[in-house]
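Each chain, letter by letter, is given below.
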Amino acid sequence: MLNALKRMLGAAEVDTKPAVAFPEQEMNELKKINRNSLTLVKDWIDEEAMKTSCFKYGVPDFIKSELNKDIGPDLTYTDLMVFLSRKHFKKLNYLEIGVSVGKNFFQVLNAHTTGRFTGYDIEEINPRLEQVLTYQSKEEWDTLPKSIKKNKSSIRTYDYKGMEVRYLSADVWDEKSWAKLQGEKFNMIFSDALHTPQAILFEFEMLVKYNLLDDQFIIVWDDLVGKMKNSFFKIIRKYDRVYQIKDIYFMNVNGWVGQHEAPHTVGLIANFNC
């Protein structure tokens, strides 16, 4: 548990680790699996879907031309999440908030043979991701009034190699949509949606309100810069007593575009020693 004095004083930051330790040979094998996963989708860009999207799937123009290129051999946060999830969870129950075109989500999915995988994004599922999944069912409901999302919110259910995959297309600020996840117990969560300090605080409040965290869990946040970093530490200080957070990492590592983008500032917490 975190140092009690720091908590009492409301310190702006807490003790963090700069890197996750891993066996190099094992990580190299996982990298091969992840790089191979990306080749299973030949083109991650669907131009028609981009035209009707809310935020172009979170892909700025200067990144779009890099999406189908080899991401290179350097470590990515995807590699780390795959390593940690395979190491610690016999059956992964994974939630990704902010799926974008699906490159990170699909690598995590394809690296496992058992588990349950949920994506949450304001966009409809990228058709290029959907084409590698087997459609099962769909549920719809009204979208939050005044949301930038103008069509109905939905959960689509798919199968991938015998594993259940769900895609929740809804506004991250819509509590009614979070309530659709009630009953789940996620043991790994990746937050990469709205990059604002208020949004990640709200996300965590929803995880707590709807009791969505498993007994053991790992949560990863991307792009923790500026006030986002402050929200990361605020979450730790506020919920350490409840969840007894054991490990805290704050590090720079490549994202899902790999070598074609600057390293990302990533935060990770776990309520066990990982």
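Look up: the structure comes first, before these words.
Residue numbers run consecutively from 1 along every chain, following the written order of its sequence. Only residues with pLDDT of at least 70 get local features here, since the model is predicted, and only at 80 or more are side-chain atom pairs given and counted; chain-wide, interface and lining totals rely on the full set of residues. Note that the side-chain values use all heavy atoms of the structure and ignore hydrogens as well as water.

S.K.: Mind showing me how you'd approach the environment of K42 here?
M.R.: Along the chain, K42 turns up in the loop between α2 (24–39) and α3 (47–51). When accessible area is computed with a 1.4 Å probe and restricted to protein chains, residues below 20% of their type maximum are described as buried, those above 50% as exposed, and intermediate ones as partly exposed. Judged by relative accessible area, K42 falls into the exposed class, the value being 71%. Here the alpha-carbon distance between K42 and Y243, two residues 201 residues apart in the chain, equals 41 Å. For K42, the side chain forms a polar contact with the main-chain oxygen of T39, separated by 3.1 Å. Helix numbering and strand numbering both begin at the N terminus, where a helix is a DSSP run of H or I of at least 4 residues and a strand a DSSP run of E of at least 2. Each polar contact in these results corresponds to two N or O atoms within 3.5 Å; when the atoms are within protein, one needs to be able to donate a hydrogen and the other to accept it, and residues that are neighboring in sequence are counted only if both atoms are side-chain atoms.

S.K.: Quick question: what am I supposed to make of the environment of T78 here?
M.R.: Tracing the sequence through the fold places T78 in helix α5 (residues 77–88). For T78, a relative accessible area of 0% gives the class buried. On a C-alpha basis, the gap between T78 and Q198 in space is 25 Å, while along the polypeptide they are 120 residues apart. Beyond its immediate stretch of four places on either side in the chain, T78 contacts N34, N104, Q107 and V108. Residues count as neighbours in contact if any of their non-hydrogen atoms are within 4.5 Å of one another.

S.K.: When you look at the nonpolar core in this model, what are you seeing that I'm missing?
M.R.: Nonpolar side chains in soluble globular proteins tend to be buried together. The biggest cluster of nonpolar side chains holds 53 residues, and the ones touching the most others in it are Y94, F117 and I218. Per-element accounting of this core gives the leading share, six residues, to α5. Those residues in contact with Y94 that lie beyond four places of it in its chain are M81, N104, F105, V108, R116, F117, T118, F186, M188 and F190. Core analysis: the next-biggest nonpolar cluster, separate from the first, contains 37 residues, I97, Y120, V172 and I189 among them. Among the buried residues, those of types Ala, Val, Leu, Ile, Met, Phe, Trp, Tyr and Cys that are joined through side-chain atoms within 4.5 Å form a nonpolar core.

S.K.: Help me out: how do you make sense of the packing of α2 against helix α6 (residues 103–110) in this one?
M.R.: Helices that pack against each other are described as a pair by the angle of their axes relative to one another and the distance between those axes. The angle between two axes is taken between their N-to-C directions and runs from 0 to 180 degrees, where each axis is a line fitted to C-alpha atoms and a helix contributes only its stretch in contact. The interhelical angle for the contact between α2 and α6, taken along N-to-C directions, is 120 degrees, at an axis separation of 9 Å. Comparing their axes, α6 and α2 come out oblique. Of the two possible hands of crossing, α2 and α6 adopt the one that is right-handed. Judged by residue contacts, N34, R35, S37 and L38 of α2 engage K103, F106, Q107 and N110 from α6. In this classification, Asp, Glu, Lys and Arg are treated as charged, Ala, Val, Leu, Ile, Met, Phe, Trp, Tyr, Cys and Pro as nonpolar, and every other residue, Gly included, as polar. By residue class, the composition of the contact of α2 with α6 is two nonpolar, four polar and two charged. Roughly parallel refers to an angle under 35 degrees, roughly antiparallel to one over 145, roughly perpendicular to one between 65 and 115, and oblique to any angle outside these ranges. In this scheme, a crossing is called left-handed if the near helix is turned counterclockwise away from the far one by less than a right angle; it is called right-handed if the turn is clockwise.

S.K.: How do you make sense of α5 when you look at a structure like this?
M.R.: For an α-helix the count is 3.6 residues per turn, leaving residues at separations of three or four pointing the same way. Here the expected length of a helix is defined as 1.5 Å per residue gap, with one fewer gap than residues. Taking 1.5 Å of rise per residue, the twelve residues of α5 would be expected to cover 16 Å, and the 16 Å separating its terminal C-alpha atoms lies within 8% of that figure. Most of α5 sits inside the fold, with nine of its twelve residues counted as buried. Y77, T78, D79, L80, M81, V82, F83, L84 and S85 are the residues of α5 that are buried.

S.K.: I keep staring at the side chain of S153 and nothing clicks. Help me out?
M.R.: Along the polypeptide, S153 turns up in strand β4 (residues 153–160). One polar contact links S153 to T143, side chain to side chain, over a distance of 2.9 Å. If we ignore the near neighbours within four places in the chain, the residues touching S153 are E139, E140, W141, D142, T143, S169, A170, D174 and S177.

S.K.: Teacher, can you tell me more about the packing of aromatic side chains here?
M.R.: What describes a pair of aromatic rings is the distance from one ring centre to the other and the angle between the planes of the rings. Between the rings of Phe, Tyr and Trp (Trp by its six-membered ring), a pair exists once the centres lie within 6.5 Å; its type follows the angle of the planes, with under 30 degrees stacked, over 60 edge-to-face, and the other angles tilted. Applying the stated rule across the entire model yields 19 aromatic pairs. Arranged with centres 6.2 Å apart and planes meeting at 65 degrees, the rings of F22 and F83 form a pair that is edge-to-face. Of this pair, F22 sits in the loop between α1 (4–9) and α2 while F83 sits in helix α5; the two residues are 61 residues apart in sequence, bridging distant segments of the chain. By relative accessible area, which is 31% here, F22 ends up partly exposed. Classification of F83 as buried rests on a relative accessible area of 2%. Ring geometry for Y94 versus F105: centroids 6.1 Å apart, planes at 40 degrees, classification tilted. Of this pair, Y94 sits in strand β1 (residues 92–97) while F105 sits in helix α6, and the two are eleven residues apart along the sequence. A connected cluster of aromatic rings, assembled from ring pairs, spans F204, F217, W221, F232, F233, Y239, Y243 and F250. Between K180 and the ring centre of W141, over which it is positioned, the NZ or CZ distance is 4.6 Å. Lysine and arginine charges are scored as sitting over a ring when NZ or CZ, respectively, is within 6 Å of the ring centre and within 35 degrees of the ring normal.

S.K.: I would appreciate a short explanation of the pattern of salt bridges in the present structure.
M.R.: Any two side chains of opposite charge can pair, on the condition that their charged atoms come close. Salt bridge, as applied in this entry: a Lys or Arg side-chain nitrogen positioned within 4 Å of an Asp or Glu carboxyl oxygen. A complete count under the given rule lists 18 salt bridges for this structure. In this structure, R116 and E184 form a salt bridge, with 2.6 Å as the shortest nitrogen-oxygen distance. A residue pair is termed long-range when its members are at least 10 positions apart, and R116 in strand β2 (residues 115–121) and E184 in the loop between α8 (175–179) and β6 (186–191) qualify at 68 residues. Here the salt bridges share partners, and the residues they tie into one network are R116, E164, R166 and E184.

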